[in-house]
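Chain and residue survey
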Amino acid sequence: MKTLLLKVNPGKPDPEKIQLAASIIQRGGLVAFPTETVYGLGADALNHEAVLALFEAKKRPLDNPPIVHVADPSEVTRLVVEVPKKAELLMEKFWPGPLTLIFKHSNLVPKETVASLDTIAIRMPKHKVALELIRQSRCPIAAPSANLAGKPSPTTAQHVYEDLNGRIDAILDGGSTNIGVESTVVDLSVDPPMLLRPGGTPFEALKKVLGDLRLHPFVEAEQELPLQQIRSPGMKHKHYAPKAEVILVEGNVPDVIAKVKQLAESYRLKGEKVGILATDETQTAYRAEVVKSLGSRFDLVTVAQSLFRLLREVDAGGVDVIIAEGVSSDGLGLAVMNRLRKASGYHIVKA
Ligand code: TXA
Ligand code: MG
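What you see is a predicted model; the values in this text were computed from it and never measured.

With that settled, the discussion passes to the site of ligand 1. The full set close to ligand 1 counts 27 residues, and Thr37, Asn64, His69, Ser183 and Gly234 are the nearest of them. One nitrogen or oxygen atom from the side chain of Asn64 is found 2.6 Å from an oxygen atom belonging to ligand 1. Against a free-state accessible area of 690 Å², the protein chains account for coverage of 96% of ligand 1. Placement of ligand 1 is best described as lying within the largest pocket. If you list the elements that add at least two residues to the shell around ligand 1, you get strand E3 (39-44), strand E6 (119-123) and strand E10 (194-197).

On to the pattern of salt bridges, then. Summed over the entire model, instances satisfying the criterion amount to 18 salt bridges. Residues Arg309 and Glu313 are paired through a salt bridge, measuring 3.3 Å at the closest nitrogen-oxygen approach. Of the two residues, Arg309 and Glu313 both sit in helix H8 (residues 300-316), four residues apart, roughly one turn of that helix. Owing to a relative accessible area of 30%, Arg309 belongs among the partly exposed residues under this scheme. It is possible to trace a salt-bridge network through shared partners that takes in Glu222, Glu250, Arg341 and Lys350.

Attention now goes to the pairing of strand E15 (residues 321-325). In summary, the side chains of a regular strand alternate between the two faces of the sheet. The buried count for E15 comes to five of five residues, which makes it a mostly enclosed element. What you see with E15 is no split at all: Val321, Ile323 and Glu325 on one side and Ile322 and Ala324 on the other are buried throughout. As judged from the five bridges shared by strand E12 (residues 245-250) and E15, these two strands associate in the parallel manner. Considered in E15, the bridge of Glu245 is made with Val321. The sheet contact formed by strand E13 (residues 274-278) and E15 spans four bridges and is parallel. Bridging across to E15, Ile276 finds its partner in Ile323.

Bringing helix H1 (residues 15-26) into the picture now. The terminal C-alpha atoms of H1 lie 16 Å apart, and with 12 residues this matches the ideal 16 Å at 1.5 Å per residue to within 8%. For H1, the full list of buried residues reads Ile18, Ala21, Ala22, Ile24 and Ile25. Seen from one end, H1 has its buried residues packed into an arc of 155 degrees, which puts them on one side. Looking at the buried positions of H1, the neighbouring elements they touch are strand E1 (4-7), strand E2 (31-34), E3, helix H4 (128-137), strand E7 (141-142) and strand E8 (170-173). Directly beyond the C-terminal end of H1, a positive phi value near 90 degrees is found at Gly28.

Rules and cut-offs
- Residues numbered from 1 in each chain as written.
- Chains lettered and ligands numbered in written order.
- Predicted model: local features only at pLDDT ≥ 70, side-chain atom pairs only at ≥ 80, totals over all residues.
- Heavy atoms only, no water.
- Near = heavy atom within 4 Å.
- Polar contact = N/O pair within 3.5 Å; in protein donor to acceptor, adjacent residues only side chain to side chain.
- Areas by Shrake-Rupley, 256 points an atom, 1.4 Å probe, with all protein chains shown as cover.
- 1 Å grid on protein atoms, 1.4 Å probe; cavity = no way out; pocket = protein on both sides within 12 Å on 5 of 7 lines; lining within 4 Å.
- Sits in = over half its atoms within 2 Å of the grid points.
- Helix = DSSP H or I, 4+ residues; strand = E, 2+ residues; numbered from the N terminus.
- Salt bridge = Lys/Arg side-chain N within 4 Å of Asp/Glu carboxyl O.
- Buried < 20%, exposed > 50% of the residue type's maximum accessible area, 1.4 Å probe, protein only.
- Pairing = 2+ DSSP bridges.
- Expected span 1.5 Å × (residues − 1).
- Arc of directions from axis to C-beta.
- Contact = heavy atoms within 4.5 Å.

Structure (structure tokens):
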């Protein structure tokens, strides 16, 4: 399959290109598009064949359902059994934006779209290209992140191209995404609500609105959870992993620096190429094949923005091992640490 590349202005998307992409969605095709978090790979959420093609293109396990994207909160009604009061509150405050809500789904939704679960994940993105594409397609769009399953999520059209060229119909290229980590997933089919995946909307902000909001143990897990504790299918699959082995070093900054240096040296002595994911405050302390800074430790918005891009860049440097520094778990840091722990396959070293 030839993958069509469509460059669009993210602030003022060209209607003809959106129309072309929408016509591909309408005939059951697959289109990657930018959202404010990461690029998504879109298909008509109500067309089960299109959704199956989506799983196939990504090589995604069939038991891990995608998020369904809508262009208006009112579109949720026909997809769900009921909209709980707390969901209304969150939609009012955080939509459009990086927040996905889990509802009990209605009969309209094909079982392929929800991997035979009785619940559905829905969000309204805050990106003109995504919103226009959904509107012109005249259907809700199922869109997992537009990477090959297990790889870091794409924050540029180039990342999508690297993973999916020849496997999908088109890519809408609207430049780099703004937030850089995926949406926060909150389950409202249970009470009290439970945060299943930390992401672009901070836990602290959600808790302020909801009062009682639980964190699923997976969010801060430092090892693989037993299967019976899993609440979101995505929890049990390998994720965000570059080709190189990843080691995450957590602790206070001086100890982290010492530990990273020591690890880098021991791998170098074994003849392995080392990449280090550092921060602005620490990067000059290291010598290695590749050293990159995620940004300042005090600017977790920037750290989140650069995380997936740098995981890919360090990997492209052909290193055998990537040693990454941990950061604070406040705000977007919770999502960053969750992704780094998963990327390391829970190879975590306490400094
Ligand atoms: O920011 C994002 O959320 C991006 C952009 C494209 O919108 N999308 C994204 O989709 O990250 P994906 O498919 O890569 O991640 C969806 C997550 C998975 O962890 C999946 O297991 C979970 O949502 N999920 C989907 N349906 C669910 C459900 N019914 N119950 C619990 N978790 C669900
Ligand atoms: Mg994903």
